[in-house]
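Report on the structure
These are the residues of each chain, in order.
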Amino acid sequence: MKKTKEIFVVSIILLTLLFIFFWKTATLQDLFITPDINANDIMGLNYPYKNFLSECLKQKKSFLWASDIYCGYPIHAEGQGGFCYPLNVLLFRFLPTYAAFNYSVILTFFFTGFFTYLYARLLDLSKTSSLFSAIAFMFSGFFVMHVRHLNMIQTACWLPLLFYLLEKYFQTDRTIYVILTGVIFSFQILAGFPQIAYYSFLAILVYFLFGIFRKKKIVQMLLSILIVVIVGIGLSAIQWIPTYELTKLSVRDGGISKFFLTEWAYRFKDLIMFLGPFYYGNIVDATYPFPVKGGLFWENSFYFGILPLILGLFIFIFKLRKNQYLKFFLILILISLIIALHNVFSLTGIFMNILPGFKYFRIHHRILFIGVFSFCIVSGFGFEFIDKRITQRFRRGLIFLILIIIFELFKFGIKQNLTYNTGKWLSKTKTVSILKNLEKDNLFRIISLDTNQHRNCFKNSKGYLNSELYFLYREFLPLHFNMIYDIAAIGGRAGLEIKRMVDFNTFFHPNIILSNNENVAVFLPAAIKLISLMNCKYIITKNTMGGRYNINNNIIENTDFIKVSEILPNKIGLYRNDKCLPRTFIVHHAKFVLEKEKVLEIVTDKNFDTRNMMILEEGVEFNPILINNSKAIITKLENTEVSIEAKLIDDGILFLSDTYYPGWKVFVDNKEEKIYRANYLFRAVPLKKGSHVVKFIFEPLSYKIGKYISIITFLLVVLSIIGIYLKLPKKS
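Described in the following lines is the structure provided in the data block. Just so it is clear, the model here is predicted, and its values are computed rather than measured.

Attention shifts here to the overall build of the protein chain. Within the protein chain one finds 30 helices and 22 strands. For the protein chain, the C-alpha radius of gyration of 28 Å lies close to 27 Å, the compact-globule estimate for 732 residues. Its C-alpha atoms give the protein chain principal-axis dimensions of about 100 × 60 × 50 Å. Buried residues in the protein chain amount to 58% of all 732 residues. Pairs at least 24 residues apart make up 77% of the contacts formed inside the protein chain by residues separated by at least 6 positions. With 81 positive and 50 negative side-chain charges, the protein chain shows a spacing of 12 Å between the two charge centroids.

Here it is as structure tokens:
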């Protein structure tokens, strides 16, 4: 009964603090919109992904494929949406997206503090000392600054519970805690930020080594690690198997370059931010140097208060030799620092070669969240040391220390996350209204030329001081924000970009010239051809388009771009591309090109007619006919299903400007046929003369295999837990 009351009281305290800290979003008055400097990972990734999940769950539709980004993209496989993460499934199934999003942030903070408290109590710290540690970690810079990366903190919040379960196992030798550790590790994988799950697993391994040192049972510890891995990997197979398939087709296959890996690398001088989080400036008022002189403010902010730091250092100095837990946490802190400072110590190349998984991630100082957690727990030991050495008369004064840490962390973090009125932010933009009125069938795509516009917002609003500029920026429909309004775009900004899509974009982006001095946007012929092939009918830009331009003494005709609306006078315009090709059409002339590197060169050649010609990388060639009167009409367009009615005057090929990807199947008149890769990136299906019904369905084998493995693992876990409880001795 006492334990239940304690848990209840602590929960109320933590939730009250969170309500005060996030009161506008807790009451749903506002929505989190925290921007970065060059982009906005909430509105450009996390919120659109979660909104997509919410709509799929409520409408009982598949969430495996998103048709509104990248000409179609395996969004579940990308992983950052956390579509199978239990908390996301519950919240976004039963609550409006905006409410589920706000509460998922707040609950993530609560889990962080609550599980830290439980773990500290398990280490025999007092209630007050445990609460001190919990508050310090819950409101630390890592969590406050990464609200913009919801999937990151959703993954990280489970670290204290992992440590709690492992410690219970070491104290009781009960296998059930090892199994539950595997379950929680699967939550981390499902939450959608593999890098944090990767660091957590490294911490688990160190904890097991600590267990071996304590219990001297090497075989038992190794078997326990194996159980954690099997359960964690098995339960999360529904996510990581599709992700692995996508990774092999992405630009990250084989890892990332050393240059990219060391971009924004942590420096010794960044450690000063543990003492003064605003030593170099503050992102809120745009005083933090970016990008030339500094790193990323939100990535370098791990501040957890001066008082916890002092208490932690104090207890290390006086009690390190006598306390095995302090030794363990010191080792964790040192490991975190060495990995975080890999570039300073010239260890990058070594870690890339000897540390499995290291080469797939960047900004490795994110591992410092483990060091911060360790220090927060250690500060609880320091608090406890003082608590036990003062008289009862002065003990109430310890509450003052908790108030100090609350004040410290609230002062640091309470303004770090920009919010905006929920109703206004989610209202339909003028751009969306115009597009919806122009195109009733929604069979078109857009490109938003918002280059540097977000940075201009940040600069002109002096950080977060003028949220209205960010509100107006919505009119650009920046990458992924278009998903909220069911507007399809040709671009995206995912963590795992398909290599062929990147190659395709590499061809047309250099052929778009934005001259801010002359305020014009010029599309060279290759760019016009490629965006038209992608069914890109509208361009959103602040630059003037349309007309004839002299580029390097060459006259470039852009007369096919027609201005259809001035969205914001002298700021944003909407242009129509009159050369845009339909989403699907019939081609009677196809060529076979074996070398994929030559395909884009051929497609962008001025003599190549993309409307009547096609390049295949396998299959048969088709000879041209004089008149192409064949027709194809999309009758059903959903994320994982596209139905087309086609009528051919001769044998030909159906072209669909949706991304070619494993798992797509096609049925012609209810008979499964082969999908060919067309024009480097898209889909094509050979058809005979006559009328046909063509249906594309996305049913990836990787997802099916992962789902069945997860289901089987879940059943085995349940049976194991039941078996363990049945074997427990009954109380007399």
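Together, Tyr 708, Ile 711, Ile 712, Phe 714, Leu 715, Leu 716, Val 718, Leu 719, Ile 722 and Leu 726 line one region of the surface with nonpolar side chains, adding up to about 1,000 Å² of accessible area. Within the secondary structure, Phe 714 is located in helix H30 (residues 701-727).

Our next topic: a positive patch on the surface. Together, Lys 2, Lys 3, Lys 5 and Lys 127 give the surface a local cluster of positive charge. The element that contributes the greatest number of residues to the positive patch is helix H1 (residues 2-21), accounting for three residues. Position of Lys 5 among the secondary structure elements: in helix H1. Residue Lys 5 is classed as exposed on the basis of its relative accessible area of 60%.

The next thing to look at is the pattern of salt bridges. A side chain of one charge can pair with a side chain of the opposite charge if their charged atoms are brought near each other. Going through the model one piece at a time under the given rule, you end up with 18 salt bridges. Among the salt bridges present, the one from Glu 566 reaches Lys 563, with a minimum N-O distance of 2.2 Å. Glu 566 sits in the partly exposed class, given a relative accessible area of 29%. Residue class for Lys 563 comes out partly exposed when judged on its relative accessible area of 43%.

Next up on the list: the sheet that holds strand S7 (residues 536-541). Pairing in this open sheet of five strands is mixed, and the strands run S4-S3-S7-S11-S10 from one edge to the other. The open sheet has two edge strands, strand S4 (488-489) and strand S10 (561-568), and neither has a second partner. Across the sheet, helix H24 (residues 430-438) touches strand S3 (445-449), S7, S10 and strand S11 (572-577), and the angle it forms with S10 is around 140 degrees.

As a further point, take the packing of helix H3 (residues 42-59) against helix H5 (residues 86-94). Across the interface, H3 lies against H5 with an axial gap of 8 Å and an inter-helix angle of 70 degrees. Here H3 is positioned roughly perpendicular relative to H5, judged by the angle of their axes. When you trace H3 past H5, the crossing you get is right-handed. On H5, the residues that touch Lys 50, Leu 53, Ser 54, Leu 57 and Lys 58 of H3 are Asn 88, Val 89, Phe 92 and Arg 93. The residue inventory of the contact of H3 with H5, partitioned by class, reads four nonpolar, two polar and three charged.

There is about 510 Å³ of room inside the second largest pocket. Among the secondary structure elements, those contributing two or more residues to the lining of the second largest pocket are H3 and strand S15 (631-638). For the lining of the second largest pocket, the leading source of residues is H3, giving six residues. For the lining of the second largest pocket, the residue count by class is 10 nonpolar, seven polar and six charged.

Let's shift gears to the side chain of Ser 133. Along the polypeptide, Ser 133 turns up in helix H7 (residues 127-138). Beyond its immediate stretch of four places on either side in the chain, Ser 133 contacts Thr 116, Cys 376, Ile 377, Ser 379 and Gly 380.

In this section: the environment of Leu 107. Note that Leu 107 resides in helix H6 (residues 97-122). Separated by 50 residues in sequence, Leu 107 and Cys 157 have C-alpha atoms that sit 9.6 Å apart. Ignoring sequence-local partners within four residues, the contact set of Leu 107 consists of Leu 87 and Leu 91.

Let us look at the pairing of S15. In this structure, S15 lies alongside strand S16 (residues 641-648), joined through seven bridges in antiparallel fashion. The partner of Leu 637 across the bridge, within S16, is Val 642. From the end of S15 to the start of S16, which pair antiparallel, there are two residues.

Looking now at the packing of aromatic side chains. Applying the stated rule across the entire model yields 71 aromatic pairs. Where Phe 163 meets Phe 373, the ring centres are 5.4 Å apart and the plane angle is 80 degrees; that geometry is what we call edge-to-face. Taken together, the positions of Phe 163 in helix H10 (residues 159-172) and Phe 373 in helix H20 (residues 368-387) put the pair 210 residues apart, joining distant regions of the chain. We note Arg 500 situated over the ring of Tyr 680; from NZ or CZ to the ring centre the distance is 4.5 Å. A cation sits over an aromatic face here: Lys 707 above Tyr 708, 5.6 Å from the ring centre.

Positive phi, close to 65 degrees, is recorded for Leu 28, a residue that is not glycine. Mapped onto the secondary structure, Leu 28 falls in the loop between helix H2 (23-26) and strand S1 (30-32). Taking the relative accessible area as the measure of exposure, Leu 28 reaches 24% and is therefore partly exposed. With phi around 65 degrees, Asn 535 is a residue other than glycine that occupies positive phi space. In this fold, Asn 535 is placed in the loop between helix H28 (525-533) and S7. Given the relative accessible area of 2%, Asn 535 is considered buried.

Let us now look at helix H13 (residues 218-235). With 18 residues, H13 extends 26 Å between its outermost C-alpha atoms, agreeing within 8% with the 26 Å of an ideal straight helix rising 1.5 Å per residue. Turning to H13, its buried residues number three or more, namely Met 221, Ser 224, Ile 225, Val 228, Val 231, Gly 232, Gly 234 and Leu 235.

Now for the state of the cysteines. Here a disulfide denotes a covalent bond joining the sulfur atom of one cysteine to the sulfur atom of another. Applying the stated criterion across every chain, the model contains zero disulfides. Among the cysteines around Cys 536, which has no disulfide bond, Cys 580 carries the closest sulfur, lying 6.7 Å off.

As a further point, take the environment of Glu 475. With respect to the helices, strands and loops of the structure, Glu 475 is situated in the loop between helix H26 (467-473) and S4. The exposure class assigned to Glu 475 is buried, which follows from its relative accessible area of 9%. Those residues in contact with Glu 475, other than ones at most four positions away along the chain, are Thr 429, Lys 430, Thr 431, Ile 540, Ile 567, Leu 568 and Ile 572. Separated by 3.1 Å, the side chain of Glu 475 and the backbone nitrogen of Lys 430 make a polar contact.

Scoring rules and cut-offs
Residues numbered from 1 in each chain as written. Predicted model: local features only at pLDDT ≥ 70, side-chain atom pairs only at ≥ 80, totals over all residues. Heavy atoms only, no water. Helix = DSSP H or I, 4+ residues; strand = E, 2+ residues; numbered from the N terminus. Rg over C-alpha atoms; globule rule 2.2 N^0.38 Å. Buried < 20%, exposed > 50% of the residue type's maximum accessible area, 1.4 Å probe, protein only. Contact = heavy atoms within 4.5 Å. Lys, Arg positive; Asp, Glu negative; His and termini not counted. Charge placed at Lys NZ, Arg CZ, Asp CG, Glu CD. Patch = residues over 30% accessible without salt bridge, like charges linked within 9 Å, V, L, I, M, F, W, Y side chains within 5 Å. Areas by Shrake-Rupley, 256 points an atom, 1.4 Å probe, with all protein chains shown as cover. Salt bridge = Lys/Arg side-chain N within 4 Å of Asp/Glu carboxyl O. Pairing = 2+ DSSP bridges. Axes fitted to C-alpha atoms, helices over the stretch in contact; angles between N-to-C directions. Parallel < 35°, antiparallel > 145°, perpendicular 65-115°, else oblique. Left-handed = near helix turned anticlockwise from the far one by under 90°. Nonpolar A, V, L, I, M, F, W, Y, C, P; charged D, E, K, R; others polar. 1 Å grid on protein atoms, 1.4 Å probe; cavity = no way out; pocket = protein on both sides within 12 Å on 5 of 7 lines; lining within 4 Å. Points joined across faces, edges and corners; volume = space filled by probe spheres on them. Phe/Tyr/Trp six-rings, centres within 6.5 Å; stacked < 30°, edge-to-face > 60°. Lys NZ or Arg CZ within 6 Å of the ring centre and 35° of its normal. Expected span 1.5 Å × (residues − 1). Disulfide = S-S within 2.5 Å. Polar contact = N/O pair within 3.5 Å; in protein donor to acceptor, adjacent residues only side chain to side chain.

Function cannot be read off these values alone, since they describe shape.
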